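# Working through the structure, step by step
Single-letter residue listing:
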Amino acid sequence: MSSTTQQTGRRTPLSRERVLAAAVELADTAGIDALTVRRLAETLGVEAMSLYYHVPNKEAILDGIVELVFTEIEREVGGFEVPETDAAWQAALRARILGARRVMLRHPWAPALLDSRSGLAPTTARYVDSVVGTLRSGGLSYDLIHHAMHALGSRMFGFSQELGEDDDSGDDTDLAQLAAMVPHLAAMLAVVRHDDPDSTLGWCDDQYEFEFGLDIILDGLARTRAFESQAEAAADTAEGAGS
């Protein structure tokens, strides 16, 4: 109990901010499925009905904790402001996305919850806007940025949907049986397992794989941007020659 509570004999007043902070803590410690209005109220030491003065229903609580996650991302990356032009846009976007990933890893329930929300909450929208702005600061056209957003997908938010669960329980007999049906996949798994045990498909370093995929996308965008610039320059030259 805090000294303030001891001196006054009163609990800290309930507020929307306090309710949502408690909801995040409950989800972190017990999992998102444990986040019910009743259990949240018990955590706060109040009756469930008291919460409804601050959050109308569970859906509002879930929307609110997504907002808190993106507010945490905003602090993690030093804000969502972007310069009008930035020659180092790749590094800037990479840092922003990896900052978001650090926050998502602190709240492992957040990716699935984010995927379940409809529409973008204000702070989430400002994060997405900062990604668009960072791409634009590198001179990418809005058409290319639109393609980039599709290519990044959930990776933009710091997580990615993987092919399946890691499983290192197989042995050489399993691989031999697999090779009869899917020879290329079996050959790849055999190489990864025996020749490169510190890399990993099925024994994956998730952070490495996330950054590997992110770098491929960013490098591809940079090359496409360069091709666009060359095409624009060629068009300008041709127009000048024809005038």
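Residues numbered from 1 in each chain as written. Predicted model: local features only at pLDDT ≥ 70, side-chain atom pairs only at ≥ 80, totals over all residues. Heavy atoms only, no water.

Another aspect to go through is the nonpolar core. The biggest cluster of nonpolar side chains holds 52 residues, and the ones touching the most others in it are Tyr 127 and Leu 135. Residues within four places of Tyr 127 in sequence aside, it is in contact with Phe 70, Ile 73, Phe 80, Arg 96, Ile 97, Ala 100, Met 156 and Phe 157. (Core = buried A, V, L, I, M, F, W, Y, C linked by side-chain atoms within 4.5 Å. Buried < 20%, exposed > 50% of the residue type's maximum accessible area, 1.4 Å probe, protein only. Contact = heavy atoms within 4.5 Å.)

All told, the structure shown has 8 salt bridges when counted by the stated rule. A salt bridge links Glu 72 to Arg 106, with the shortest nitrogen-to-oxygen separation between them at 2.9 Å. One end of the pair, Glu 72, is in helix α5 (residues 58-76); the other, Arg 106, is in helix α6 (residues 89-106), with 34 residues separating them in the sequence. Judged by relative accessible area, which is 16%, Glu 72 ranks as buried. Measuring nitrogen to oxygen at the nearest pair gives 2.8 Å for the salt bridge that ties Arg 126 to Glu 74. With a gap of 52 residues between them, Arg 126 in helix α8 (residues 122-137) and Glu 74 in helix α5 connect regions that are remote in the sequence. For Arg 126, a relative accessible area of 39% puts it in the partly exposed group. Since its relative accessible area comes to 21%, Glu 74 is described here as partly exposed. Taken together, the shared-partner salt bridges connect Glu 72, Glu 76, Arg 102 and Arg 106 into one network. (Salt bridge = Lys/Arg side-chain N within 4 Å of Asp/Glu carboxyl O. Helix = DSSP H or I, 4+ residues; strand = E, 2+ residues; numbered from the N terminus.)

Turning to empty space enclosed by the protein, a few remarks are in order. Under the definition given, this model contains 1 cavity of 30 Å³ or more. Reported here for the largest cavity is a volume of approximately 40 Å³. Every residue along the wall of the largest cavity is listed here: Val 66, Val 69, Phe 70, Met 104, Trp 109, Ala 110, Leu 113 and Leu 114. Looking at the lining of the largest cavity, the elements that each hand over two or more residues are α5 and α7 (110-116). For the lining of the largest cavity, the residue count by class is 8 nonpolar, no polar and no charged. (1 Å grid on protein atoms, 1.4 Å probe; cavity = no way out; pocket = protein on both sides within 12 Å on 5 of 7 lines; lining within 4 Å. Points joined across faces, edges and corners; volume = space filled by probe spheres on them. Nonpolar A, V, L, I, M, F, W, Y, C, P; charged D, E, K, R; others polar.)

Turning our eyes to something else, we now look at the layout of surface pockets. Empty space within the second largest pocket amounts to approximately 270 Å³. What lines the second largest pocket is a set of 14 residues, among which Leu 114, Asp 115, Arg 117, Gly 119 and Leu 120 lie closest to the centre. Class assignment of the residues belonging to the lining of the second largest pocket gives a composition of 7 nonpolar, 4 polar and 3 charged.

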